[in-house]
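Listed below are the residues making up each chain.
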Amino acid sequence: MQEPKAYVKHRPKLDWLFRFIFRPTVIGAEYIPESGRIVLAGNHTHFMDCILVACATKRVVHFLGKSELLEPPLKRFFEPFGLIPVHRGQKDRAALDSAIEVLKDDKVIGIFPEGKVKLKSEAEYTINPFKFGAVKMAQQTNSKIVPFSIVGKYKMFRKKGVKIEFFEPVAIGENLEEANNALMNTVAYGITQTPVFRE
């Protein structure tokens, strides 16, 4: 499986531009392995979260995202970057199968198990229940999951803005419910216990 050409070509420029404008704090990026299959899973605070995650590693991250992103006019932007479309509101087996194929090819999947961006009306430092897609694909491909937590705001040219912290890779056992709860608890802990930029 070839990596998306547009992603590989434009990633360095996008990485530099994003870091220059938003100056994110990245902690624990060393937990993302330099090779082999891995799932990156964490909370979803903003539509730019996928760029933040991608900028934290030199590896190409194949994200799962809502199918509406592959409809005109957004299709022209997202399709070249290898987005895996997810039809929300139903069990999308095709999306799961596509992600599994990516992992079997020893590549990286990025996923936000909440399934949507947190609404402004929802409590800032809480998360919505996780869907089971992340732990399912990890279990079926014998992949580990690197949890991450995102806190703060995307503030332009501010040193104290958005922050992402990655945690040690975890293996998924036979009990998916237990694994999903453990993943959610790790992400929630990162949101509430790590220093938060409130300025």
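In case you missed it, the structure is sitting above this.
Residues numbered from 1 in each chain as written. Predicted model: local features only at pLDDT ≥ 70, side-chain atom pairs only at ≥ 80, totals over all residues. Heavy atoms only, no water.

Judged by side-chain charge, Lys 66, Arg 88, Lys 116 and Lys 131 come together as a positively charged surface patch. Mapping Arg 88 onto the fold places it in the loop between strand S4 (84-86) and helix H4 (93-104). Of the residues examined, Arg 88 reaches a relative accessible area of 44% and is grouped as partly exposed. (Patch = residues over 30% accessible without salt bridge, like charges linked within 9 Å, V, L, I, M, F, W, Y side chains within 5 Å. Areas by Shrake-Rupley, 256 points an atom, 1.4 Å probe, with all protein chains shown as cover. Salt bridge = Lys/Arg side-chain N within 4 Å of Asp/Glu carboxyl O. Lys, Arg positive; Asp, Glu negative; His and termini not counted. Charge placed at Lys NZ, Arg CZ, Asp CG, Glu CD. Helix = DSSP H or I, 4+ residues; strand = E, 2+ residues; numbered from the N terminus. Buried < 20%, exposed > 50% of the residue type's maximum accessible area, 1.4 Å probe, protein only.)

Turning our eyes to something else, we now look at the nonpolar core. Core analysis: the biggest nonpolar cluster contains 29 residues, and Leu 40 and Phe 148 have the highest contact counts within it. Listed by contribution, the elements that provide at least two residues to this core are helix H1 (5-22), strand S2 (38-42), helix H2 (49-55), strand S3 (61-66), strand S6 (144-151) and strand S7 (163-166). When neighbours within four sequence positions are excluded, Leu 40 is seen to be in contact with Ile 32, Val 53, Val 61, Val 108, Ile 109, Gly 110, Ile 111, Val 146 and Phe 148. (Core = buried A, V, L, I, M, F, W, Y, C linked by side-chain atoms within 4.5 Å. Contact = heavy atoms within 4.5 Å.)

Below, the discussion takes up the pattern of salt bridges. Two side chains that carry opposite charge are able to pair once their charged atoms sit near each other. Applying the stated criterion across every chain yields a total of five salt bridges. Its salt-bridge partner being Arg 19, residue Asp 15 comes within 2.8 Å of it at the nearest N-O pair. In this pair, Asp 15 and Arg 19 both sit in helix H1, four residues apart, roughly one turn of the helix. What makes Asp 15 buried here is its relative accessible area of 13%. Across the pair Arg 93 and Asp 97 runs a salt bridge, and its minimum N-O distance is 2.8 Å. Linking Arg 93 with Asp 97, this pair stays in helix H4, spanning four residues, or about one helical turn. Classification of Arg 93 by relative accessible area gives partly exposed; the value is 45%. Each member of the salt-bridge network shares a partner with another, and the members are Arg 11, Asp 15 and Arg 19.

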